[in-house]
Amino acid sequence: MFRGKGIGTTLFSLLILCALFSLVYSQTNPLEEGIRQFQAENYEEALESLKMAKAQNPESALVAYFLGLTLRHMGEIRASIEEFKRAVTLQPPVIEAYFDLIELLLTLDNINEAQFWLAKAERDKVRPAQVSYLKGLLHLREGKIDKAILAFEEAKKLDPTLEQAANLQIALAQIKERKFKTALQTLKIVTSIDPKSELAEFAKEYERALERLIKEHRFLKIGISLNYQYDDNAVGADGTIVKRAHDTINSGSLRFEIQPLLEPPWYFNFQSHFSTSYYKRFDNLNTKSITFVGIPGFHLPKGMFSIPTSYTRNWLDEKEYSENYSLKPSLNLIFMENHLSQFYTGYGKTKMIRKYPWQREEEESRTSTHYNFGLGYIYSFAEARGMVNIRYEHQINKAKGKNWKNKGDKLSGTVLIPLHKKLSLSFFGDYSTLRFNYLHTVFGKKRKDTQMTGGFLLRWFLYRGLSINFQGVYNKNKSNIKVYDYDKKPFSIGIDYEF
């Protein structure tokens, strides 16, 4: 009995000694204890041990590296970056720390510092395949898509184990370039390399999203608008007759839009509009028009160049009235996030089809060639649902009739405010001046017009593509020749549906 008790006491004593030895060992080797706790995902305990290890050996790159890893898992990103910097500068450095450091700097969009450490890793010839992969990530952040893809391709060649990750990044780069079909094929390659990996699951999510995008892309859009308008000065709308008389107008339009999903940099959009307006009292003012617009263009690294080209034919009182041609090369450039600048020039021709016996061709013909150039600024906000647009334009109108030759300037602006998810309010206005070249053959003086327009548009989105619009406009044309003086205050309500 006593022998058994002695054996029990001895075993108990050995257990106590082992525990004490383990405690002493962990206290004298806090680095190993910190690594053990980190691997067990006990990050708070790991942090305490690694801080103790740093106090004991502040020049240890390995301690700095595991401190960086622990802080990263705890969400202390900036503190983690500082430890990774120590890990690659202390001797001997921990090579793996370069990759963690550069990835975190890119996460914080600290491009310049990421470039510095990437160049240092490249100079030190640290794992060229991984360095090339990180160069690809850096170029993606910089928006240098072509360079990014080349870097990922190089990483695949140097290390085949990076093929899946590099292909995934190449697919993301292709998506940024709007090469959706090409990106879809690249994502399928990512999935085929290792279908059960996390990267494959990530690629599958992108595949599904792209397939939906390609499927839902509407090659053809059709829009219908119906409007009811009250105009307090229907007669005199063209500024040639002065007689204040109100009327109501029913108008409608049918439009088609075709936009194929082209691989960048190419872009193309085609639109066709047919519109009509019927006056209740003055049916001699009824109008019809049909317009065709083609917009070829190509995307730039930070913008787009396009050449909108249009043709319009107009009818007045059920008879052909005029036709217009225009060409307007345009350059849009993003110079800051949400800030867009516009530059354009234009050439056009207006041909008056209908001629009146009382009009002398050399004096009253409005058949003309016209030129314009302008610049604009757009600021978008509220996730691009809101917008401020300001534009200036200079116009030159070389009409056949000397009474209509003129030059002018126009300043216009629009502010779009999203009031609610389904409600928006916009204010618009413009101020323009026209200076005519010659003495008017009837009134004996050079005509000068100043036109001011202001208004609002309230749009309520009821359901997909369906909206109700309320619009009020004030328009005043002030001229030194009274016959061209007029003002109008039309108000309209309409419904618009696009499918």
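Because the structure is predicted, anything quoted here is derived from the model rather than measured. Residue numbers run consecutively from 1 along every chain, following the written order of its sequence. For this predicted model, a pLDDT threshold of at least 70 governs which residues receive local features, and a threshold of 80 or more governs which side-chain atom pairs are given and counted, while totals over whole chains, interfaces and linings are taken from all residues. With hydrogens and water set aside, each side-chain value is computed from the structure's full complement of heavy atoms.

### A closer look at the side chain of Lys 488
Here is step 1 of the chain: A helix here means a DSSP run of H or I that spans at least four residues, while a strand means a run of E at least two residues long, and both kinds are numbered starting from the N terminus. Along the chain, the position of Lys 488 falls in strand β16 (residues 486–488).
Here is step 2 of the chain: Only protein chains enter the accessibility calculation, which uses a 1.4 Å probe; a residue is then buried when its area is under 20% of its type maximum, exposed when over 50%, and partly exposed in between. Exposure remark for Lys 488: the relative accessible area of 11% places this residue in the buried category.
Here is step 3 of the chain: Under the rule applied, a polar contact is a pair of N or O atoms within 3.5 Å (in protein, one hydrogen donor and one hydrogen acceptor; residues adjacent in sequence only if both atoms are side-chain atoms). From its side chain, Lys 488 meets the backbone oxygen of Asn 233 in a polar contact 3.1 Å long.

### Considering the confidence of the model for the protein
Here is step 1 of the chain: Within the protein, residue pLDDT values average 86, and 92% of them lie at 70 or more.
Here is step 2 of the chain: In this model residues 1–27 is a low-confidence stretch, pLDDT under 50, and it forms 4 contacts with partners more than four residues away in sequence or in other chains.
Here is step 3 of the chain: This model gives residues 236–242 a pLDDT under 50, and the stretch forms 16 contacts once residues within four places in sequence are excluded. A residue's pLDDT is the predictor's confidence in that residue, given on a scale from 0 to 100. When checking whether two residues touch, look at their non-hydrogen atoms; a contact exists if any pair is within 4.5 Å.

### Points about a nonpolar patch on the surface
Here is step 1 of the chain: A surface patch of nonpolar side chains, amounting to about 860 Å² of accessible area, comprises Phe 219, Leu 220, Ile 224, Leu 226, Leu 254, Phe 256, Phe 274, Ile 495, Tyr 497 and Phe 499.
Here is step 2 of the chain: Counting only elements with at least two residues in the nonpolar patch, the list comes to β1 (220–231), β2 (247–258) and β17 (491–498).
Here is step 3 of the chain: For the nonpolar patch, the element with the highest residue contribution is β1, accounting for 3 residues.
Here is step 4 of the chain: Checked against the element boundaries, Tyr 497 lands in strand β17. A patch consists of residues whose relative accessible area exceeds 30% and which take part in no salt bridge; residues with like charges are grouped when within 9 Å of each other, and nonpolar side chains (Val, Leu, Ile, Met, Phe, Trp, Tyr) when within 5 Å. Per-residue and other accessible areas were derived by the Shrake-Rupley procedure at a 1.4 Å probe size, with only the shown protein chains allowed to occlude residues. Definition used for salt bridges: Asp or Glu carboxyl oxygen within 4 Å of a side-chain nitrogen of Lys or Arg.

### A closer look at the environment of Leu 327
Here is step 1 of the chain: Turning to its location among the elements, Leu 327 is positioned in strand β7 (residues 319–327).
Here is step 2 of the chain: The spatial distance from the C-alpha of Leu 327 to the C-alpha of Gln 229 is 31 Å, given a sequence separation of 98 residues.
Here is step 3 of the chain: The contact partners of Leu 327, leaving out residues within four places of it in the chain, are Ile 307, Pro 308, Thr 309, Thr 345, Gly 346 and Tyr 347.

### Regarding the pattern of salt bridges
Here is step 1 of the chain: Per the stated rule, a full pass over the model turns up 27 salt bridges.
Here is step 2 of the chain: Across the salt bridge formed by Glu 122 and Lys 135, the nearest N and O atoms sit 3.3 Å from each other. Of this pair, Glu 122 sits in helix α7 (residues 111–123) while Lys 135 sits in helix α8 (residues 128–142), placing them 13 residues apart in sequence.
Here is step 3 of the chain: When its relative accessible area of 41% is taken as the criterion, Glu 122 is described as partly exposed.
Here is step 4 of the chain: For Lys 135, a relative accessible area of 27% puts it in the partly exposed group.

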